[in-house]
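# A structural walkthrough
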Amino acid sequence: QQPVQSPQAVILREGEDAVINCSSSKALYSVHWYRQKHGEAPVFLMILLKGGEQKGHDKISASFNEKKQQSSLYLTASQLSYSGTYFCGTARTTGNQFYFGTGTSLTVIP
Amino acid sequence: DTAVSQTPKYLVTQMGNDKSIKCEQNLGHDTMYWYKQDSKKFLKIMFSYNNKELIINETVPNRFSPKSPDKAHLNLHINSLELGDSAVYFCASSQWTGEYGYTFGSGTRLTVV
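### Looking at empty space enclosed by the protein
All names here are of chain A. For the coordinates displayed, the defined rule picks out two cavities of 30 Å³ or more. Computed from the structure, the second largest cavity encloses a volume of approximately 50 Å³. As for the second largest cavity, its lining consists of 10 residues, of which Gln1, Leu28, Thr90, Arg92 and Tyr99 are closest to the centre. Of the residues contributing to the lining of the second largest cavity, the split by class is three nonpolar, five polar and two charged.

Printed below as a string of structure tokens:
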């Protein structure tokens, strides 16, 4: 039931854009996105709910396609501080079991 | 003021020992979780408690026993530690709906030798 993320790893130069995808085999109610820096805890970025709109803050945004059971995270004009491992997390209903995706390692280089 | 605090941060112990990890949150959340992150960085849910009631108990060896004395605390006790238990254990909390996301503790790196 673990959602699958792609790509597994990506290396960007500062200022480049990236897209991280998250796919589930089950119908979804919500998708979360988290970033984990090396040696630290995952930090919540945003949540997308079924029937909700595309979300974003600053240069990081995300979309949720309920029919395809997929979500994408968009990072534009990447900064060095964006480096880390990104996880999606999915739930089928409110309060339902929540599963983290396989993770995407993103490295931004000068 | 730390929102979700875990202790200890590091734990090195020998096989066969019993150890505990403590977690406390001051966010007023009603749901708490234990996650295990292995060397490949997979975050796997182990347990979740809602208002002190066990909600999720994934396929975890019964050597692992969570205890929630109140909704602000969730501890994890591990008996007869094995080499394969080495991992980073994260405590997290959220509102039941999860709509504001999960807040994680800083993690406990457990090394079994």
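Now that the structure has been shown, the text picks up again.
### Thoughts on the packing of aromatic side chains
Applying the stated rule across the entire model yields 14 aromatic pairs over all chains. Judged by centre distance (6.3 Å) and plane angle (85°), the rings of Phe87 of chain A and Phe100 of chain A are edge-to-face. Placement of Phe87 of chain A in strand 9 (residues 84–91) and of Phe100 of chain A in strand 10 (residues 98–100) is noted, with a sequence separation of 13 residues between them. Neither residue differs from the other here; Phe87 of chain A and Phe100 of chain A are each classed as buried. Ring centres of Tyr33 of chain B and Tyr102 of chain B lie 4.4 Å apart, and the angle between their planes is 15°; this geometry places the pair in the stacked category. One end of the pair, Tyr33 of chain B, is in strand 4 (residues 31–37); the other, Tyr102 of chain B, is in the loop between strand 9 (87–94) and strand 10 (103–104), with 69 residues separating them in the sequence. For the residue pair Tyr33 of chain B and Tyr102 of chain B, the accessibility class agrees, reading buried in each case.

### With respect to the sheet that holds strand 1 (residues 4–7) of chain B
Residue and element names in this part refer to chain B. With antiparallel pairing, the four strands of this open sheet are ordered in space as 1-3-8-7. The open sheet has two free edges, formed respectively by strand 1 and strand 7 (64–70), since each of these has just one partner strand. Between one strand axis and the next, the sheet turns through 15° on average, direction left out of account. Pairing of strand 1 with strand 3 (residues 19–25) involves four bridges; the strand directions are antiparallel. Bridge assignment links Thr7 to a residue of strand 3, and that residue is Lys22.

### Regarding the pattern of salt bridges
All names here are of chain B. For the structure on display, the rule yields two salt bridges over all chains. Residues Glu82 and Arg63 are paired through a salt bridge, measuring 3.5 Å at the closest nitrogen-oxygen approach. Here Glu82, found in the loop between strand 8 (73–78) and strand 9, pairs with Arg63, found in the loop between strand 6 (53–57) and strand 7; they are 19 residues apart in sequence, far enough to count as distant. When its relative accessible area of 41% is taken as the criterion, Glu82 is described as partly exposed. When the shortest N-O distance is used, the salt bridge between Asp85 and Arg63 registers 2.8 Å. Of this pair, Asp85 sits in the loop between strand 8 and strand 9 while Arg63 is found in the loop between strand 6 and strand 7, placing the two residues 22 residues apart along the sequence. Comparing Asp85 with Arg63, the two get one shared label, buried.

Thresholds, definitions, all that
- Residues numbered from 1 in each chain as written.
- Chains lettered and ligands numbered in written order.
- Predicted model: local features only at pLDDT ≥ 70, side-chain atom pairs only at ≥ 80, totals over all residues.
- Heavy atoms only, no water.
- 1 Å grid on protein atoms, 1.4 Å probe; cavity = no way out; pocket = protein on both sides within 12 Å on 5 of 7 lines; lining within 4 Å.
- Points joined across faces, edges and corners; volume = space filled by probe spheres on them.
- Nonpolar A, V, L, I, M, F, W, Y, C, P; charged D, E, K, R; others polar.
- Phe/Tyr/Trp six-rings, centres within 6.5 Å; stacked < 30°, edge-to-face > 60°.
- Helix = DSSP H or I, 4+ residues; strand = E, 2+ residues; numbered from the N terminus.
- Buried < 20%, exposed > 50% of the residue type's maximum accessible area, 1.4 Å probe, protein only.
- Pairing = 2+ DSSP bridges.
- Axes fitted to C-alpha atoms, helices over the stretch in contact; angles between N-to-C directions.
- Salt bridge = Lys/Arg side-chain N within 4 Å of Asp/Glu carboxyl O.

Don't take any of this as a statement about function, it's just geometry.
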